[in-house]
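What the coordinates show
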Amino acid sequence: MVLDGASDTSLLLGEADASPVLEENTAGRSPFLLTSDHYGRVLPRVLGDLGLPESELKRHIAWDIGIAGVADALSQHLDAHLIAQRYSRLVIDCNRPPQSPNSIPRISETTIIPGNEGLTREAAEARRRQVFDPYHRRIAEVIEGRSREGIPTVLVSLHSFTPVYAGIARPWHVGTLYQRDTHLPPLLLKGLRAQADLVVGDNEPYAVSDETDYTIPVHGEARGLMNTGIEIRQDLIADDSGEREWADRLANIFGEIETELRGRGMLAA
Ligand SMILES: [Zn+2]
């Protein structure tokens, strides 16, 4: 059911709705700043269930399954600041430019999203202003604050991907995603490939582009920060033990990368 109030744009988020921005370990001392654009699957109350059954709202179309547990644990292991989005990507996708046709998806994979049909410009802008903007404003604020304080920032954007998309099975366990940074992604690839049990995607299952991505181009590349995205296959992090295992793996690899970057003198602010 889509509630009648869905077209009232002034009150997308009411007093009973959570803040879009979730943060962990804000005083973390790691150079790695973790972001998670598809961390949560909360819907603003006024949007009801977007006209979808609960089974659809638990699928990968609504969020990055498993990434919240990995992100929380990795933030602890690395002593890294994590900034994450609580609201579902079906409300507005925080890793798409807002002008992209997929920013507020009317169809995701093969599922029609009734609550996203026929949105007025004002309703779309309310989603941007109240969900997308606060999240990205906070990431920008944190990066700028660190820079003022002389704290180096290496941006790591955490995602997970569905094992089967549109009927095609994906062979990778994990992938790096990048576009312009030539420093961090090769180190991450090397660390992942050193683990013999993994099939590692190099810009698979997705590559970063200015048209399809937002967090890496805007917060990482435009500021000249070292950056990478990571995609973990969702069946590997579908329960607590999988989430813990992957947080441990990544913490070890990023620990080695930090040592390497320090050795090269690349972590000066
Ligand atoms: Zn994602």
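You'll find the structure just up there.
The paragraphs below set out a description of the structure included in this document. (Residues numbered from 1 in each chain as written. Predicted model: local features only at pLDDT ≥ 70, side-chain atom pairs only at ≥ 80, totals over all residues. Heavy atoms only, no water.)

**Points about the pairing of strand 11 (residues 227-233)**
The buried fraction of strand 11 is high, at seven of seven residues. Of the two faces of strand 11, the one lined by Asn-227, Gly-229, Glu-231 and Arg-233 and the one lined by Thr-228, Ile-230 and Ile-232 are each fully buried. Bridge count for strand 6 (residues 154-161) against strand 11 is seven bridges, and the pairing is parallel. Bridge pairing links Ser-157 to Gly-229 in strand 11. Bridging between strand 9 (residues 174-177) and strand 11 involves four bridges; their strand directions are antiparallel. Counterpart to Val-174 in the pairing with strand 11 is Ile-232. (Buried < 20%, exposed > 50% of the residue type's maximum accessible area, 1.4 Å probe, protein only. Helix = DSSP H or I, 4+ residues; strand = E, 2+ residues; numbered from the N terminus. Pairing = 2+ DSSP bridges.)

**Examining the sheet that holds strand 9**
As summarised here, the arrangement of the seven strands in space is 1-3-2-6-11-9-10, forming an open sheet in which the pairing is mixed. Every other strand in the sheet has two partners, leaving strand 1 (21-24) and strand 10 (200-202) as the edge strands with one partner each. Averaged over all pairs of adjacent strands, the angle between their axes in this sheet comes to 20°, without regard to strand direction. As defined by bridge partners, strand 2 (residues 32-36) adjoins strand 6 across four bridges and the pair is classed as parallel. Bridged to Leu-34 within strand 6 is Val-156. With respect to the sheet, helix 4 (residues 184-193) is in contact with strand 6, strand 9, strand 10 and strand 11, its orientation differing from that of strand 11 by roughly 30°. (Axes fitted to C-alpha atoms, helices over the stretch in contact; angles between N-to-C directions. Contact = heavy atoms within 4.5 Å.)

**A look at the nonpolar core**
Counting 37 residues, the largest nonpolar core has Ile-230, Ile-232, Leu-250, Phe-254 and Ile-257 as the members making the most contacts within it. Breaking this core down by element, the ones donating at least two residues are strand 2, helix 2 (67-78), strand 3 (82-85), strand 6, helix 4, strand 11 and helix 6 (240-263). Per-element tally for this core: the top contributor is helix 6, with seven residues. Non-local contacts of Ile-257, meaning those with residues more than four positions away in its chain, are made with Phe-32, Leu-184, Leu-187 and Leu-188. Leu-52, Ile-139, Leu-155 and Tyr-214 belong to the second largest nonpolar core, which has 29 residues in total. (Core = buried A, V, L, I, M, F, W, Y, C linked by side-chain atoms within 4.5 Å.)

**Let's talk about the coordination of the zinc ion**
Within the first shell, the zinc ion binds the protein through His-38 (ND1), Asp-64 (OD) and His-159 (ND1), at distances of 2.0 to 2.1 Å. All donor residues of the zinc ion come from one chain, and their arrangement in sequence is H-x25-D-x94-H. Here the residue His-38 occupies a position in the loop between strand 2 and helix 1 (54-57), and His-159 occupies one in strand 6, the gap between them amounting to 121 residues. The exposure class of His-38 is buried, given its relative accessible area of 3%. In this structure His-159 comes out as buried when scored by relative accessible area, which is 5%. (Donors = N, O, S within 2.8 Å, 3.2 Å for Na, K, Ca; no water.)

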